[in-house]
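Summary of the model geometry
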2 protein chains.
Amino acid sequence: MTSRPAALSQTFPWIKTPLIVSAPMRLVSGHQLAVEVSKAGGIGFYGPGYDVDPVPGALRAAREAFALSDPAEVLPIGVGFLLWKAPLEPVLDVLRTYRPAAVWLFAPKDESQMQEWVYAIKSNAPGVSIWAQVGSLAEAQSIVQLDVDVLVLQGGDAGGHGISGRRGSVMQLVPEVVDMLGQRDGRGNKPLTVLAAGGIIDGRGAAAALGLGAQGVVLGTRLIASTESEAHARFRGAVVGARDGGSGTVRTRLYDELRGTGDWPEQYDGRAIVNDTFQDDVGGLSKLRNKELYDKAREAEDWNRLTMFAGTGVGLVKEVLPAGEIVEEVRREAVEVIERLGKVYA
Amino acid sequence: MTSRPAALSQTFPWIKTPLIVSAPMRLVSGHQLAVEVSKAGGIGFYGPGYDVDPVPGALRAAREAFALSDPAEVLPIGVGFLLWKAPLEPVLDVLRTYRPAAVWLFAPKDESQMQEWVYAIKSNAPGVSIWAQVGSLAEAQSIVQLDVDVLVLQGGDAGGHGISGRRGSVMQLVPEVVDMLGQRDGRGNKPLTVLAAGGIIDGRGAAAALGLGAQGVVLGTRLIASTESEAHARFRGAVVGARDGGSGTVRTRLYDELRGTGDWPEQYDGRAIVNDTFQDDVGGLSKLRNKELYDKAREAEDWNRLTMFAGTGVGLVKEVLPAGEIVEEVRREAVEVIERLGKVYA
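Residues numbered from 1 in each chain as written. Chains lettered and ligands numbered in written order. Predicted model: local features only at pLDDT ≥ 70, side-chain atom pairs only at ≥ 80, totals over all residues. Heavy atoms only, no water.

Per an unreviewed UniProt entry, chain A goes by (Perigord truffle) hypothetical protein and derives from Tuber melanosporum.

Thoughts on the relation of the copies chain B and chain A
Keep this limit in mind: The atoms used to superpose the copies are C-alpha atoms, taken from residues with pLDDT of at least 70 in both, and the fit is least squares. Residue contacts are defined here by distance: any two heavy atoms, one from each residue, within 4.5 Å place the two residues in contact.
Under the fitted operation, chain B is carried onto chain A by 0.0 Å of movement along the axis and a turn of 180 degrees, and the coordinates agree to an RMSD of 0.0 Å. Considering both components of the superposition, the chain copies are consistent with a two-fold axis. Identified as the residue of chain B closest to the rotation axis by C-alpha distance is B:Ala208, at 1.9 Å. By residue overlap, the copies meet face to face through one surface: 100% of the interface positions of chain B are interface positions in chain A.

Observations regarding the sheet that holds strand S2 (residues 45–49) of chain B
Residues and elements named next belong to chain B. Convention followed: When DSSP locates at least two bridges between a pair of strands, those strands are taken to pair. The secondary structure listing takes helices from DSSP runs of H or I that are at least 4 residues long and strands from runs of E that are at least 2 residues long, numbered from the N terminus. Only C-alpha atoms enter the line fits that serve as axes; for helices the fit covers just the stretch in contact. Angles between N-to-C directions range over 0 to 180 degrees.
One open sheet accounts for eight strands, arranged S1-S9-S8-S6-S5-S4-S3-S2; its pairing is parallel. Edge positions in the open sheet fall to strand S1 (20–22) and S2, since each of these has one partner strand only. Recorded for the sheet is a direction-independent mean angle of 30 degrees between the axes of neighbouring strands. Bridge analysis of S2 against strand S3 (residues 75–82) gives three bridges, and the strand direction is parallel. In the strand pairing of S3, Tyr 46 is matched with Val 79. Strands in contact with helix H5 (residues 111–124) are S3, strand S4 (100–106) and strand S5 (129–134); relative to S4, the strand with the most contacts, it is inclined by about 170 degrees.

Things to note about the domain arrangement of chain A
A common way to report how large an interface is uses the accessible area buried once the components associate. Residue and element names in this part refer to chain A. To keep things clear, this is the line we draw: Domain ranges listed in this record stem from an automatic or a database domain assignment. As a working definition, buried area equals the accessible area (1.4 Å probe) given up by two parts on being put together, with both sides summed. For this analysis, a salt bridge means a side-chain nitrogen from Lys or Arg found within 4 Å of a carboxyl oxygen belonging to Asp or Glu. Counted as a polar contact is a pair of N or O atoms within 3.5 Å, where, for protein atoms, one must be capable of donating a hydrogen and the other of accepting one, and residues adjacent in sequence contribute only when both atoms are in side chains. By the convention adopted, Pro, Cys, Tyr, Trp, Phe, Met, Ile, Leu, Val and Ala count as nonpolar, Lys, Arg, Asp and Glu as charged, and the other residues, Gly among them, as polar.
Along its sequence, chain A is carved into domain 1 (12–231 + 320–345) and domain 2 (234–300). Distance between the C-alpha centres of domain 1 and domain 2: 25 Å. Across the boundary between the two partners, domain 1 contributes 30 residues, which contact 17 residues of domain 2. Together domain 1 and domain 2 conceal approximately 1,900 Å² of surface at their shared face, both sides included; 56% is due to carbon and sulfur atoms. Note that Asp 263 is salt-bridged to Lys 85, the shortest N-O span being 2.8 Å. Here domain 1 is connected to domain 2 by 14 residue pairs in polar contact (both at pLDDT 80 or more). Of all the elements in the fold, those that place two or more residues in the side of domain 1 that touches domain 2 are strand S7 (160–163) and helix H9 (221–224). Top contributing element to the side of domain 1 that touches domain 2 by residue count: S7, with four residues. Considered class by class, the residues forming the side of domain 1 that touches domain 2 number 14 nonpolar, 11 polar and five charged.

Comments concerning the interface of chain B and chain A
Every contact between the two is made by 58 residues of chain B and, on the other side, 58 residues of chain A. Overall, the association of chain B and chain A removes approximately 4,500 Å² of surface from exposure, summing both partners, and the carbon and sulfur fraction of that is 58%. In terms of surface lost to chain A, no three residues of chain B exceed B:Arg166, B:Met171 and B:Tyr345, which account for 19% of the buried area on that side. Scanning the region where chain B abuts chain A turns up four salt bridges. Of the charged contacts in the structure, one is a salt bridge between B:Asp179 and A:Lys318, with a shortest N-O distance of 3.1 Å. Between chain B and chain A we count 18 residue pairs in polar contact (both at pLDDT 80 or more) in total. Of all elements in the fold, only helix H6 (137–143), helix H7 (170–185), helix H8 (203–212), helix H11 (245–248), strand S10 (249–252), helix H13 (276–282) and helix H15 (323–345) of chain B reach the threshold of two or more residues within the side of chain B that touches chain A. With nine residues, the single largest contributor to the side of chain B that touches chain A is H15(B). Considering only residue class, the side of chain B that touches chain A consists of 25 nonpolar, 20 polar and 13 charged.

Description of H8(B)
All names here are of chain B. This is how the line gets drawn: Relative accessibility thresholds used throughout: buried, under 20% of the residue-type maximum; exposed, over 50%; partly exposed, between the two (1.4 Å probe, protein chains only).
With 10 of 10 residues buried, H8 is to be regarded as a mostly interior element. For H8, every residue scored as buried is listed here: Gly 203, Arg 204, Gly 205, Ala 206, Ala 207, Ala 208, Ala 209, Leu 210, Gly 211 and Leu 212. One or two residues past the end of H8 sits Gly 213, with phi positive at roughly 120 degrees.

Concerning the packing of aromatic side chains
Condition: To pair, rings of Phe, Tyr and Trp, with the six-membered ring standing in for Trp, must have centres within 6.5 Å; the planes then decide the type, stacked if under 30 degrees apart, edge-to-face if over 60, and tilted in the middle.
For the structure shown, the criterion picks out 26 aromatic pairs over all chains. With centroids separated by 5.2 Å and ring planes inclined at 45 degrees, the aromatic side chains of A:Trp84 and A:Trp264 adopt a geometry described as tilted. Of the two residues, A:Trp84 sits in the loop between strand S3 (75–82) and helix H4 (88–98) while A:Trp264 sits in the loop between helix H12 (254–259) and strand S11 (268–273), which places them 180 residues apart along the sequence. You can call A:Trp84 buried: its relative accessible area is 9%. Consider the rings of B:Trp104 and B:Trp131, whose centres lie 6.2 Å apart with planes at 25 degrees: the pair is stacked. Placement of the pair is B:Trp104 in strand S4 and B:Trp131 in strand S5, with a sequence separation of 27 residues.

What to know about the side chain of B:Asn290
Structurally, B:Asn290 can be placed in helix H14 (residues 287–300). Residues in contact with B:Asn290, not counting those within four places in the same chain, are B:Leu258, B:Thr277, B:Asp280, B:Asp281, B:Leu285 and B:Arg305.

Observations regarding the side chain of A:Gln215
Its place among the elements puts A:Gln215 in the loop between helix H8 (203–212) and strand S9 (217–219). Reaching out from A:Gln215, the side chain makes a polar contact with the backbone nitrogen of A:Val194 at a distance of 2.7 Å.

Examining unusual backbone geometry
Look at the link from A:Thr17 to A:Pro18: it is a cis peptide, with omega at -10 degrees. With respect to the helices and strands, the residue A:Pro18 is situated in the loop between helix H1 (6–11) and strand S1 (20–22). Residues other than glycine seldom take positive phi values, yet A:Asp244 does so here, at roughly 55 degrees. By the secondary structure assignment, A:Asp244 is in the loop between helix H10 (233–241) and helix H11 (245–248). One non-glycine residue, B:Glu301, lies in the positive phi region at around 50 degrees.

Right under this line is the structure:
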């Protein structure tokens, strides 16, 4: 068994190890963030979510950023879609036309929708690396029936949306899935690349995830606080200012209900920074009144009430840096941690 | 900064690195389990919890197991107490008389009780290494005001009792506390040893925790499935049989309420395997009826209803082994993981 993502380095020849990937965070991960992550040797993901209208323009701009003139050339970033609300046909169009290297699929209404998307992308845009995000061993067991290339294993520490209900962290999820895949791969199946997401902020978290058996790591919360992030300055400031992210964030559907994204399927919730909106709800404020206050806060840009999706690692984010520097720093730190562990224990 | 537990190896000269510690699990960690862990180069903890009556007998037996004849010689295991219910004076007596190497303090009624215990032990049994278990950065910041030797950082993946409410895993808790201590230690304070607990089952989890900055790791759930564990055979069987521990365990106070340990202070809950008792509660069964069923199940030894505290890593436990073999295996695996990481990434 090797942990070097050999298959990945063929599809993504620019990547450096340890592999750092940026999560396709809706309203945060624009194409500029994705471009800078890939330029730094990671794999950047632009996250339109379910709104396909801006995608052609964003991917054209990304192609320009890489000075790609040949339309046959692959665009070295990925794009992430939320299946429950994204329209499949327009997505297939942009994949065919703008040739992003990868597509990140998450949040299907049900298993059959994930299957439909994977088959459609295989048929219509066969060069695209298909990534699927899962949050449990059961989900991973289901998804490996499909022909995907990369499994993103999201632990419960992650910010933003994930499966709701009882969950552990990557500490358990990554080894359990790696063991399951090991048994499966031994039966002649195509080896899958496994990446860890959720709670990884710096080189320590990255080294930990690699130790657990992941072949690369995903940064989300850390990159909210990047220069190229599309998050509001107040949101970025809150991420930098937060401490004690275990108690300072919460997994809830409340924020979705109040901000107008309550149409997420019921099997998902989202982790975000605890704020006045949440505290008032705990204190017994009616949803109706809370929604009024939310809407006013939105007009007034009062970020003490607005939703800021972030993971438990938010307390470890100390400053806003260019995304490329963050990727290089985490990669360098991870190697330093691995070298230190080797000196002390090996 | 070094991760080798230098201070620890003076107090615990028999330990091997990476350091593996066994958690003082009430009703699971008897003195025999603790003895085998220490004999294997770890630090074993006997877990009487709050019942001091059996402690003298157990510690005498442990002294015999190490063939200690000189009463001045330190007994190379630790003992863990649950402060909210344990009587301080009898604990001080057994620490003075039987000289365990360490005492693990957890679950005070409030901060002042932890302070009272630390001061009393320092005064009455000054040779005992004082370990304190915390579950958040805020708790860690509070506890470093006291003169303790080891901080056990318990992430939300852990089985058994811990602080209730919003929590992350060791992925966030360990780096946050290490950073906090780094700033503190830089101001001339006594360096503290930091251990990680929660979700660590094998060498992968151990290597991950060391990468996060811990100087050693604590095994709990893994050792329920040890030969020397005092857990019922059906409980051990359930631990070995469990899969998908993220969804298969739950943090709740329900089990305490039904099994007669509902007097735990309200700031604590416990993670345990999801069973019929829990599912029936979710399904709307009254607490009263559920309690009747629980009591009947206890008489009938029906473990589909009885409480089995275990962490999210329970799905990774594959077999019952002697505790000493488990410690040696995890230590060897951790080094193998670190060596593999070095070859691939450093």
